[in-house]
Amino acid sequence: MKAIFLCLLIFPIFIQAQHKISIEVSNVENDNGNICVALYNKSKGFLKFDTVFKSKKEKANTGITKLDLLDIPDGKYAIAIFHDENSNEKLDTNFIGIPKESLGFSYGKLKTFGAPDFEECAFTVNEDKFISVQIK
């Protein structure tokens, strides 16, 4: 009985809080394809497909598309979003690498010659969070 009581006291220490990130994507030009979201939890590999912590896609809605990322532990994160208009599940670019589909980031903005880095886009999650991203 004492062992069970001790386990019940200690167990909550090992349970990490899980949160929801609610994302509102604005400036969606049409309802073709999907809005694709990638959540990163470290700067190394930011914007690389194989280092995504969590991802989700939602049918695009003209104007605003909303979606939620669930079960997110406390931590530092950054988000990259693009409008996959042709539903090929990749960001289409021209021959020199400039995106042909709309994209956006949490807090950071697309630079003249490239994407923002993780630190420019980063935010902390220690409770449920709302993020608004305007894609361009």
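Our structure's up above, just so we're on the same page.
Quantities reported herein were computed from a predicted structural model and do not represent experimental measurements.

Trainee: Got a minute to help me understand the packing of aromatic side chains in this structure?
Mentor: What characterises a pair of aromatic rings is the spacing of the ring centres plus the angle enclosed by the ring planes. Tallying each qualifying case throughout the model produces 4 aromatic pairs. On the numbers, 5.7 Å between centres and 45° between planes, the contact of F53 with Y77 is tilted. Residue F53 is located in the loop between strand 2 (34–40) and strand 3 (54–59), and its partner Y77 is located in strand 5 (residues 75–84); the two are separated by 24 residues in the primary sequence. Y77 sits in the buried class, given a relative accessible area of 2%.

Trainee: Whenever I open this one, the sheet that holds strand 1 (residues 18–28) confuses me. Can you help?
Mentor: What holds strands together in a sheet is hydrogen bonding between their backbones, with the strands either parallel or antiparallel. The 3 strands are arranged 4-1-8 in an open sheet whose pairing can be described as mixed. Two strands close off the open sheet at either side, each with one partner strand: strand 4 (63–73) and strand 8 (129–134). When the angles between neighbouring strand axes are averaged without regard to direction, this sheet yields 20°.

Trainee: So what exactly am I meant to see when it comes to the nonpolar core here?
Mentor: Ranked by size, the top nonpolar core spans 19 residues in total, and within it I21, I23, I35, I79 and I81 carry the most contacts. Within the residue set of this core, elements represented by two or more residues are strand 1, strand 2, strand 4, strand 5, strand 7 (123–125) and strand 8. A total of 4 residues in this core trace back to one element, the largest contributor, which is strand 1. Leaving out residues up to four positions away in the same chain, I81 has contacts with I23, V25, I35, C36, V37, S102, L103, G104, V133 and I135.

Trainee: How should I be thinking about the side chain of H83 in this particular structure?
Mentor: Relative to the elements of secondary structure, H83 occurs in strand 5. Leave out the neighbours within four places in its chain, and H83 touches V28, N30, N32, N34, I35, A60, E101, S102 and I135.

Trainee: Sorry, what's going on with the environment of D68 here?
Mentor: With respect to the secondary-structure elements, D68 resides in strand 4. With 47 residues separating them in the primary sequence, D68 and I21 have C-alpha atoms 5.6 Å apart. Among residues more than four places away in sequence, those in contact with D68 are K20, I21, S22, I23 and K56. Within polar-contact distance, the side chain of D68 engages the side chain of S22 at 2.9 Å.

Trainee: Where do I start with unusual backbone geometry in this structure?
Mentor: It is generally the case that most residues other than glycine have a negative phi and that most peptide bonds are trans. Notably, D71 is not glycine yet its phi reads approximately 60°, a positive angle. Among the secondary structure elements, D71 is positioned in strand 4. Of note, S87 is a non-glycine position whose phi angle comes to about 55°, a positive value. Residue placement: S87 occurs in the loop between strand 5 and strand 6 (103–105). Looking at S87, the relative accessible area reads 42%, which means it is partly exposed.

Trainee: How should I be thinking about the environment of S43 in this particular structure?
Mentor: Following the sequence through the fold, S43 ends up in the loop between strand 2 and strand 3. Relative accessible area serves as the criterion here: at 47%, S43 is assigned to the partly exposed category. Each C-alpha atom, one on S43 and one on K76, is 9.7 Å from the other, the two residues being 33 residues apart in sequence.

Trainee: Please clarify how a nonpolar patch on the surface should be interpreted in this entry.
Mentor: There is a patch of nonpolar side chains on the surface, built from F95, I96 and I98 and spanning about 400 Å² of accessible area. The exposure class assigned to I98 is partly exposed, which follows from its relative accessible area of 45%.

Here is what the cut-offs are and how they apply
Residues numbered from 1 in each chain as written. Predicted model: local features only at pLDDT ≥ 70, side-chain atom pairs only at ≥ 80, totals over all residues. Heavy atoms only, no water. Phe/Tyr/Trp six-rings, centres within 6.5 Å; stacked < 30°, edge-to-face > 60°. Helix = DSSP H or I, 4+ residues; strand = E, 2+ residues; numbered from the N terminus. Buried < 20%, exposed > 50% of the residue type's maximum accessible area, 1.4 Å probe, protein only. Pairing = 2+ DSSP bridges. Axes fitted to C-alpha atoms, helices over the stretch in contact; angles between N-to-C directions. Core = buried A, V, L, I, M, F, W, Y, C linked by side-chain atoms within 4.5 Å. Contact = heavy atoms within 4.5 Å. Polar contact = N/O pair within 3.5 Å; in protein donor to acceptor, adjacent residues only side chain to side chain. Patch = residues over 30% accessible without salt bridge, like charges linked within 9 Å, V, L, I, M, F, W, Y side chains within 5 Å. Areas by Shrake-Rupley, 256 points an atom, 1.4 Å probe, with all protein chains shown as cover. Salt bridge = Lys/Arg side-chain N within 4 Å of Asp/Glu carboxyl O.

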